[in-house]
2 protein chains.
Amino acid sequence: MLYLIGLGLGDAKDITVKGLEVVRRCSRVYLEAYTSVLTVGKEALEEFYGRKLILADREEVEQEADNILKDADINEVAFLVVGDPFGATTHSDLILRATKLGIPYRVIHNASIMNAVGCCGLQLYNFGETVSIVFWTDTWRPESFFDKAEKNRQNGMHTLCLLDIKVKEQSLENLMKGRKIYEPPRYMSVNQAAQQLLEIVQNRREGGEEPAVTEETLCVGLARVGAEDQKIAAGTLQQMCTVDLGGPLHSLIITGGSMHPLEMEMLSLFSIPEQH
Amino acid sequence: MLYLIGLGLGDAKDITVKGLEVVRRCSRVYLEAYTSVLTVGKEALEEFYGRKLILADREEVEQEADNILKDADINEVAFLVVGDPFGATTHSDLILRATKLGIPYRVIHNASIMNAVGCCGLQLYNFGETVSIVFWTDTWRPESFFDKAEKNRQNGMHTLCLLDIKVKEQSLENLMKGRKIYEPPRYMSVNQAAQQLLEIVQNRREGGEEPAVTEETLCVGLARVGAEDQKIAAGTLQQMCTVDLGGPLHSLIITGGSMHPLEMEMLSLFSIPEQH
């Protein structure tokens, strides 16, 4: 049996009681380590679960899924995922491989950033397509996420922007030379995301267009959702460039045009104070 | 301190370890009882938590929130919600009241149907606005959810349809006479939802319009998501009228037009067998 178990968003104790029971009895326990992070590290999880965890990085999951699934038809194997196994990243691939090998699977769900963002008071009902904002490079500056956010806003829908995470990335040089030396992890902040968005706003204006998302669009920055020290700030996209939300992970919401009074009232709890 | 604690979707053990610790130490524990149900009842929860639960029905939450919040500035009070506190129903109202009374609050998130539907393999990214399909009566037959699903589909987005729940409803007679006698709870099935949708398709055709959602549109029916005996079936909207998914709660997804190959492959695991 393959178990896909969501760990939730905060720390070791955000696993469900059911999930913890399964983790403690499985013969091997993998921790998916490339798309998201908890506020605690692998060691804290190992201590609380009372189990050694095997880190499964991107290569492991995509190229060596067979290792994970080895003997899973006669043993119990757990694959732990920060958030929910079907949240921002789906693990369909692992399930399809298991199914082809005749290995049954079960999912133990948990909170995902995809539903926990509701804590800012915006109704999940009213979210349109979710977008990912990627780190720009000198030569690669995609803007497609902006088009989607604009379309959502034109339809009165909020847009959840998931912000880029670079874990275990190799420099071009190390990649070319086949050296497994990795760059320090990078997590996009709300400030960085807002700055990229504002650059796109400028580009659009220079192209003679008045975008639906502008400096004045009401946004919500969220950091460490679900953790003790989570932070939420509501303000304009311009304000998102400078608001201090502390460490990762960050997410950004671009609100839809029209809002329910209850949404507005909730957001007011998180308003960025006026600067004087 | 007011704690809003998500219980997840299956049974008593779907609470998080953190949530369980809080429940066990709070001076009063309320269970929100009107918008959703677990596969187990209040007694099973009480036994597992080792705590008496106070049922908070709709009247309680909307009209008697003050009882829930009484002394919560000096005591710890827990408010338990099936799924996530900010899932399909938000509890902003209770939070706003608490804040006005100077009572701090914390949220302990869990899986919600809003993210757990990802288990069918459709990517949460690609969902548009969520809709609610309500039980029609002889005189009230709204179609607005259909317009939203059509709009989503035209934009290539999937639509999660939450199906109506009638708990603690009074008959008109009992309501008029002020008698607190309640009808048996009713949960809309995927079959009922599909039948209402097909009636709308007919209505639209009679109005001379060819709708974007038809008998042949690929849909996914889900029952008891997150529970041991969850069921998922993928097929046409026509097939959704007769597929047998067992007891509540049910949800329905109307897929967007274009799908990722991985989404198709996952859905094929749940295809309704051809009838011969």
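- An unreviewed UniProt entry annotates chain A as diphthine methyl ester synthase of Heterocephalus glaber.
- The annotation that UniProt attaches to chain A under Catalytic activity (unreviewed entry) is "2-[(3S)-amino-3-carboxypropyl]-L-histidyl-[translation elongation factor 2] + 4 S-adenosyl-L-methionine = diphthine methyl ester-[translation elongation factor 2] + 4 S-adenosyl-L-homocysteine + 3 H(+)".
- Turning to chain A, the UniProt record has this under Sequence similarities (unreviewed entry): "Belongs to the diphthine synthase family."

1. Let's talk about the relation of the copies chain B and chain A
Then, in step 1: The transformation that overlays chain B on chain A combines an axial shift of 0.0 Å with a rotation of 180 degrees, and the residual RMSD is 0.0 Å. Such a turn and shift between the copies fits a two-fold axis.

2. Observations concerning unusual backbone geometry
Then, in step 1: For the peptide bond that leads from A:Pro248 to A:Leu249, omega is -5 degrees, which places it in the cis range.
Then, in step 2: Phi is positive for B:Arg224, which is not a glycine, with a value near 50 degrees.
Then, in step 3: In this fold, B:Arg224 is placed in the loop between strand E10 (218-223) and strand E11 (231-236).
Then, in step 4: Taking relative accessible area as the criterion, B:Arg224 reaches 12% and is therefore assigned buried.

3. A closer look at the sheet that holds strand E2 (residues 28-32) of chain B
Residue and element names in this part refer to chain B.
Then, in step 1: Here we have five strands laid out as an open sheet, ordered E3-E2-E4-E1-E5, and parallel in their pairing. Of all strands in the sheet, those with a lone pairing partner are strand E3 (54-56) and strand E5 (105-108), marking the two edges. Neighbour-to-neighbour, the strand axes of the sheet open up by a mean angle of 25 degrees, direction not taken into account.
Then, in step 2: As judged from the four bridges shared by strand E1 (residues 2-6) and E5, these two strands associate in the parallel manner. Bridge pairing links Tyr-3 to Arg-106 in E5.
Then, in step 3: Contacts between helix H5 (residues 92-100) and the sheet are confined to E1, strand E4 (77-81) and E5, with E1 contributing the most and set at about 165 degrees to the helix.

4. As for the interface of chain B and chain A
Then, in step 1: Contact with chain B, which involves 54 residues of that partner, is made by 54 residues of chain A.
Then, in step 2: Summing the contributions of chain B and of chain A, the shared interface buries around 4500 Å²; its carbon and sulfur component is 57%.
Then, in step 3: Taken together, chain B and chain A are joined by 10 salt bridges.
Then, in step 4: Between B:Glu228 and A:Arg106 there is a salt bridge, with the nearest N and O atoms lying 3.0 Å from each other.
Then, in step 5: Summed over the shared surface of chain B and chain A, the result is 24 residue pairs in polar contact (both at pLDDT 80 or more).
Then, in step 6: Listed by contribution, the elements that provide at least two residues to the side of chain B that touches chain A are helix H1 (17-25), H5, E5, helix H6 (113-116) and helix H11 (261-268) of chain B.
Then, in step 7: It is H5(B) that provides the largest number of residues to the side of chain B that touches chain A, a total of five residues.
Then, in step 8: The class makeup of the residues in the side of chain B that touches chain A is 24 nonpolar, 18 polar and 12 charged.

What counts and how
- Residues numbered from 1 in each chain as written.
- Chains lettered and ligands numbered in written order.
- Predicted model: local features only at pLDDT ≥ 70, side-chain atom pairs only at ≥ 80, totals over all residues.
- Heavy atoms only, no water.
- UniProt positions renumbered as here; feature names shortened; annotations may be inferred.
- Least-squares fit on C-alpha atoms with pLDDT ≥ 70 in both.
- Helix = DSSP H or I, 4+ residues; strand = E, 2+ residues; numbered from the N terminus.
- Buried < 20%, exposed > 50% of the residue type's maximum accessible area, 1.4 Å probe, protein only.
- Pairing = 2+ DSSP bridges.
- Axes fitted to C-alpha atoms, helices over the stretch in contact; angles between N-to-C directions.
- Contact = heavy atoms within 4.5 Å.
- Buried area = accessible area lost by both parts, 1.4 Å probe.
- Salt bridge = Lys/Arg side-chain N within 4 Å of Asp/Glu carboxyl O.
- Polar contact = N/O pair within 3.5 Å; in protein donor to acceptor, adjacent residues only side chain to side chain.
- Nonpolar A, V, L, I, M, F, W, Y, C, P; charged D, E, K, R; others polar.

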